[in-house]
Amino acid sequence: TVPMKDNPTVTVLVLVGTGADYETKEINGISHFLEHMCFKGTVKRPTPKDISVELDGLGCQYNAFTGREMTGYYAKGDAKNFKQMFDVVSDIYLNSTFPEGEMEKEKGVIIEELNMYEDMPQAHVQDLFEEVLYGDQPSGWRIVGTKENIKKMKRDDFVNYKKSHYVADNTLIVVTGNITNEEVYKEVDKYFKNIYTGKSG
């Protein structure tokens, strides 16, 4: 927690210690794809629209990102909406349902994202550099994965990957802004008390 009493906003960020460097070649790209799928519906908010309408209604800036060693989900908004923001971000992280219809649509989105990076020399050269530098191992593979992998991924792949990585000892919650430590701990206890506690891997 980073309390800043004169700041009118709060940022809620949940990080998980997984990314492209934790993947096998057969599922390269799954960390990034899973990040996309977490916004496609939860038990409490069944559709992508339910999630976006709620966060947009709060005037939040929100997004997610995937790197080589971590994946993050965040929302930033007015401090008075802290509890609701925390509710949504934790729901996305903990309770995503990975609807198969949304997964099939998102395959096209990710393939187009991959095409976009290939059309941007400054991005593509970075991928090529890492491929040459690290070779045929996780650090040499693209974070977005390959088109072939994206096309063949199934719902069970996401469920199993999330179960083995999105666990208590691999999760970091960061809250900054106009909050107190006590406020944050109360929400963490409320929403994360049943997070899976198995070993990550």
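See above for the structure.
Here's the deal with helix H8 (residues 181–192)
- Between its first and last C-alpha, H8 extends 16 Å over 12 residues, near the 16 Å set by a 1.5 Å rise per residue.
- Within the sequence span of H8, burial applies to Val-184, Glu-187 and Phe-192. Taken end-on, H8 shows its buried residues confined to a sector of 95 degrees, consistent with a single buried face. When the buried face of H8 is taken as reference, the exposed residues oriented beyond 90 degrees from it are Glu-182, Lys-186, Asp-189 and Lys-190.

Looking at a nonpolar patch on the surface
- Nonpolar side chains collect at one region of the surface, where Phe-129, Leu-133 and Tyr-134 lie side by side and expose about 330 Å² of accessible area between them.
- Inspection of the secondary structure puts Tyr-134 in helix H5 (residues 121–134).

Some words on the pattern of salt bridges
- Enumeration according to the criterion identifies 13 salt bridges in this entry.
- For Asp-87, the salt bridge identified is with Lys-44, shortest N-O distance 2.8 Å. Highlighted residues: Asp-87 in helix H3 (residues 82–94) and Lys-44 in the loop between helix H1 (30–37) and helix H2 (48–57), separated in sequence by 43 residues.
- For Asp-87, a relative accessible area of 10% translates into the label buried.
- On the basis of relative accessibility, which here comes to 52%, the residue Lys-44 falls in the exposed class.
- A salt bridge links Asp-78 to Lys-80, with the shortest nitrogen-to-oxygen separation between them at 3.2 Å.
- Since its relative accessible area comes to 34%, Asp-78 is described here as partly exposed.
- Bridged by salt links that share partners, the residues Lys-44, Arg-45, Glu-54, Asp-87 and Asp-91 form one connected network.

Analysis parameters
Residues numbered from 1 in each chain as written. Predicted model: local features only at pLDDT ≥ 70, side-chain atom pairs only at ≥ 80, totals over all residues. Heavy atoms only, no water. Helix = DSSP H or I, 4+ residues; strand = E, 2+ residues; numbered from the N terminus. Expected span 1.5 Å × (residues − 1). Buried < 20%, exposed > 50% of the residue type's maximum accessible area, 1.4 Å probe, protein only. Arc of directions from axis to C-beta. Patch = residues over 30% accessible without salt bridge, like charges linked within 9 Å, V, L, I, M, F, W, Y side chains within 5 Å. Areas by Shrake-Rupley, 256 points an atom, 1.4 Å probe, with all protein chains shown as cover. Salt bridge = Lys/Arg side-chain N within 4 Å of Asp/Glu carboxyl O.

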